[in-house]
Amino acid sequence: MSDAVMPAAKKMLDFAIDGVPMQAVDGQTVIQAARANGVEIPHFCWHPQLSVPGNCRICMVEIEQDSGDPWFDIACNMPVTAGMRVLTKSEKIKTLNQDTMQFITLNHPVDCGVCNKSGECLLQDYHYELNGAASKSRDPKTHATKFFPLSDRIMLDNERCIMCTLCVRFTNEVSGSKALGAVNRGDHALIRPAEDADFNLDVYSDNVIDLCPVGALLSTELMTHARVWYLQATKSVCPGCERGCSIDVWHRKHEWKLNALDPRLNTTIDRITPHENPEVNGLWVCNKARDLAQLFERPRAEQSLQRGAPVDLSAAIAAAAKLMAAAKKPVAIVSSWGSNEELAAFHAAFGTTVPGFVKADHLPLPGEVIEDHLLIKPDKNPNRKAALALYPALPERVSDALPADTDVVLVWGEGFDSALVPSGAKVIRLDSYAHAANSTADVFIPISVQTERNGHYTNFKGVVTPFEACFPVKPSIVHAEALFTALAAGTPV
Amino acid sequence: MKFFMNFPVTETSHTLVEYRTRLGYQALEKALRMTPTDVTKEVAAAGLLGHGGAAFPAGRKWGVVKLGDGEPHYVCMNADEGEPGTFKDRWLMECVPHMALEGLIIGSYALEGRHAFIYIRGEFDLAHRRMAEAIEEAYAAGLLGENILGTGYSLDVVLYRGAGSYVCGEASAMLASLEGKKGWPRNRPPRLTVKGLYQKPTVVNNVETLANVPVILRLGATEFRKVGTPKSPGTQMISISGHIAKPGVYEVEYGYSWTKFIYEDCGGMQNGKALKCIIPGGVSTKLLSASEIEGVTLDHNSAVAAGSQVGSGGMIAIAEGTCMVRLAAVIQRFYHHESCGQCTPCRQGMGWMERILNRIVAGGGRPEDIDQLYKISEANDGTTICSLGDSAGYACSAILDHYREEFEYYITNGRSMYDGNLTVDDPFATSPFATSPFANALVGAAS
């Protein structure tokens, strides 16, 4: 690379935090530089991807000076300068932090016991870390609206709100809906929907729940459903579109499994949150990802069928293998929801003997946003890119892929109409969900869903992201990856 | 020497015709023949200090803006005069609107601005109408708009009416309001002269500051400096109110005797009462007791040396017999009402202070309340985005510093030391509630 096209080297500045020498990139603020060097400065209103209002004042730091008194400012808005000596734990800063915590908790209700943010609340954490003192106020707290629905999905508890305005800035600067604002002044200030906007129409609205550092913004669904300490997160990938956002799937911890209630509650998705992935989705996900529970928890197919009659799993596999072995003109309809591993297994099993065509398992639903400026992509399948690397797309005229002399059609996944199969051809269906088409197939074998297996998806940009199993698979259900090998070899899984 | 109040106020004295008879717009003609840099140098040489309260040198503020940088530059006239006790800018806009407007045009020329803004307090009806008329007259006379006075310089002025929020008088909050956003102050850096209105270099000047600019250009910096003191040149408009015999707007030369101003020019206190204290420049400045202003002159250095500021020139005279606890509660009610609610210490601290003061006034004060008020003031000092939190703290702590015994009396007795006869025939002394733990509150409520 010639010098002319070499990017200009970023100027580095030497500075120190609490006596430890560090380096910062010129232009970084103290809070950014501290983070880059592994030092966490407390903050409520600061966010790496949002503007800096400096509202909360908890990130106050002291700057030592050779001549003159030290001075104090907020770390989130103060640029690092060469030779700067920052103190984050001086006596003055401790006092300021305690004062700020006194202010923040002044009118904040002490309702951690019933607050859904409890366990994840920054205010709770900082109170232990920075203050830990009882309130110095002897006057009653001011009260505000306890339950104000900001949208159908989000409930605002004004008494807990500390006016950090992260939610307002998110709708202004990221989602673009400009749906939220602040009304009134002083300690009467409230977050409210903008008069000319509808927060329901913001397809990224649920991100404000994660952004809220306290329990002011809550998911209407989760607030009556689960507490965070009962849950654990499993890293996964949103299959809602070809973006393949990294997510965390939250579900009940093993040690908190419910014995007395419906055991199915132990394998439900309690919430979805974004998992930071700068290459794919940054820090955000859309509401479709949040609603994955609705997608994954549709009525499952758990019983193998042979011409509509229940059969044992091994019998169904044997019957399907027999059909495949006897087929003279077989065709496979390949799922674009299969993982890279499943696609590789399929290709290894049938790659040279069975022609395959990739179908769209899911199409946009009525009213769904097709594409937008931020994350949402038009193809609503997570792994079409990887599937198309192995097989061509199913042509618009399906008969071009399924000639009249096709004798066996292997349909993998959802989104394929059995009526398109040439008459006389045998049909083997592999699916996870209950569909009427399952019972019309010659052989139906239930396969696992994403939350029951490990794997990888390749998104539209070619970024490969892993997902992990959160729930056990039932004995009557088989992993597609193992099934393909068995079908090709005619052996049991 | 009077710069502003040197003409009889009549029904037409605010018009362009009459302003021109008082040499109006001669300074503009002179300025337009100078280079913009020279205009700034002249203002800087005059030593003009900002008249909004902070007293920052206007010429230095103008000089920070880089000319010819290809960016639009804006000058904003801060006419959102909301400091309690301050009403001198209103007088200027009602009586000499062209003077401030001329200053705004000269300032915009000096900063190579194409658009200028006047942010006027929403409640100022007459001032708004007078300023709107003045702008209209200036456009008609070729003093605004395209090719001003045939010099090739063009300027448009936008008159924007605020919605009545005290904090919108703070420069950065004012710009946010002008941009159509909620009037919340911004953090500095960057300074407004670097990224101000619409993120472009912007100078915000008070009405009186800009009204001084034509005087400087017309007289010249050297002549201007002959008025006032070396460090505070010129005059100061002072609006005085409270228990003063002759409240109103006065123009005094910097360096004028404070006691002379109060006892001679303003006629002393109403009903011959003694002066208890002065809030010198709006309630945001620290009060000074009657004895503290003796020997002090009306200029920035002298006021600072005495422990306060000239501030916005909104002076409030308080007579002997005034309950300072109740005064503190009233002042704090204002700050609580006007705190914008953006940053934590001010948003929560203002309400907390008001609740404590209200409780003391209602007779339910506790001995620890005084220390708590100090503590809240201290926690607001220098920790807020704008200076509203600091100011409220200064106002309260200055009253506590001077009149702590009044608070202690109020807390101990559940009533003000200026209320009725507290030693004889106290109706509550024999009350069945006297021994109740809520006695203080009951007494306070009844009184």
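So, how was this worked out
- Residues numbered from 1 in each chain as written.
- Chains lettered and ligands numbered in written order.
- Predicted model: local features only at pLDDT ≥ 70, side-chain atom pairs only at ≥ 80, totals over all residues.
- Heavy atoms only, no water.
- Contact = heavy atoms within 4.5 Å.
- Buried area = accessible area lost by both parts, 1.4 Å probe.
- Salt bridge = Lys/Arg side-chain N within 4 Å of Asp/Glu carboxyl O.
- Polar contact = N/O pair within 3.5 Å; in protein donor to acceptor, adjacent residues only side chain to side chain.
- Helix = DSSP H or I, 4+ residues; strand = E, 2+ residues; numbered from the N terminus.
- Nonpolar A, V, L, I, M, F, W, Y, C, P; charged D, E, K, R; others polar.
- pLDDT = per-residue confidence, 0-100.
- Pairing = 2+ DSSP bridges.
- Axes fitted to C-alpha atoms, helices over the stretch in contact; angles between N-to-C directions.
- Disulfide = S-S within 2.5 Å.
- Parallel < 35°, antiparallel > 145°, perpendicular 65-115°, else oblique.

(A) Looking closely at the interface of chain A and chain B. Contact with chain A, which involves 36 residues of that partner, is made by 35 residues of chain B. Roughly 2,800 Å² of surface becomes buried between chain A and chain B when both sides are summed, with 50% attributable to carbon and sulfur atoms. Run the count over chain A and chain B and you get 4 salt bridges. Here B:Lys375 makes a salt bridge to A:Asp99, at a shortest N to O gap of 3.2 Å. Inspection of the chain A/chain B interface yields 19 residue pairs in polar contact (both at pLDDT 80 or more). For the side of chain A that touches chain B, the elements supplying multiple residues, two or more each, are α2 (91-104) and β8 (180-183) of chain A. Residue contributions to the side of chain A that touches chain B peak at 7 residues, all from α2(A). Among the residues making up the side of chain A that touches chain B, the classes are represented as 16 nonpolar, 13 polar and 7 charged.

(B) Focus on unusual backbone geometry. Here the residue pair B:Arg188 and B:Pro189 is connected by a cis peptide bond, since its omega of 0° sits within 30 degrees of zero. Backbone torsion omega between B:Pro189 and B:Pro190 reads 0°, so that peptide bond is classified as cis. For B:Pro190, the location among the structural elements is in the loop between α8 (171-178) and β4 (202-206). Positive phi, close to 50°, is recorded for A:Lys178, a residue that is not glycine. For A:Lys178, the position within the fold is in the loop between α4 (166-173) and β8. Positioned with a positive phi, B:Gln199 is a non-glycine residue whose angle comes to about 65°. Tracing the backbone shows B:Gln199 in the loop between α8 and β4.

(C) Up close: the confidence of the model for chain B. Residues and elements named next belong to chain B. Summing up the model confidence of chain B, the mean pLDDT is 92 and the portion of residues at 70 or higher is 94%. A low-confidence stretch, residues 420-429 stays under pLDDT 50, and its non-local contacts, those more than four residues away or across chains, total 11 contacts. Contacts for the low-pLDDT stretch residues 436-447, under 50 throughout, to residues beyond four places or in other chains number 22 contacts. What the predictor reports for the complex is a pTM of 0.92 with an ipTM of 0.89.

(D) Just the sheet that holds strand β1 (residues 74-79) of chain B, in detail. All names here are of chain B. The 4 strands are arranged β3-β2-β1-β4 in an open sheet whose pairing can be described as parallel. Looking at which strands have only one partner, the edges of the open sheet turn out to be β3 (156-161) and β4. Neighbour to neighbour, the strand axes of the sheet diverge by 20° on average, direction disregarded. Across 5 bridges, β1 lies against β4 in parallel orientation. Opposite Cys76, over in β4, you have Val204 as the bridge partner.

(E) Fine view of the sheet that holds strand β16 (residues 330-334) of chain A. Residues and elements named next belong to chain A. If you walk across this open sheet you meet the 7 strands as β15-β14-β20-β19-β18-β16-β17, and the pairing is mixed. Strands at the two margins of the open sheet, each flanked by one partner only, are β15 (309-310) and β17 (356-358). The pairing of β16 with strand β18 (residues 408-412) spans 4 bridges and is classified as parallel. Pairing of Ile333 across the sheet is with Val411, part of β18. Along the sheet, helix α8 (residues 313-326) makes contact with β14 (305-306), β18, β19 (426-431) and β20 (443-446), crossing β20 at roughly 130°. In this fold helix α12 (residues 480-489) packs onto β18, β19 and β20, with an angle of close to 165° to the strand it touches most, β18.

(F) Seen up close, the state of the cysteines. This structure, assessed with the given rule, holds 0 disulfides over all chains. Free cysteine: A:Cys56, not disulfide-bonded; nearest cysteine sulfur from A:Cys45 at 3.8 Å.

(G) Quick look at the packing of helix α3 (residues 36-46) of chain B against helix α9 (residues 207-219) of chain B. Residues and elements named next belong to chain B. Across the interface, α3 lies against α9 with an axial gap of 10 Å and an inter-helix angle of 100°. When the axes of α3 and α9 are compared, the pair comes out roughly perpendicular. Each of Val39, Glu42, Val43 and Ala46 in α3 lies in contact with α9, whose residues at this interface are Val213, Ile216 and Leu217. Across the contact of α3 with α9, the residue classes tally to 6 nonpolar, no polar and 1 charged.

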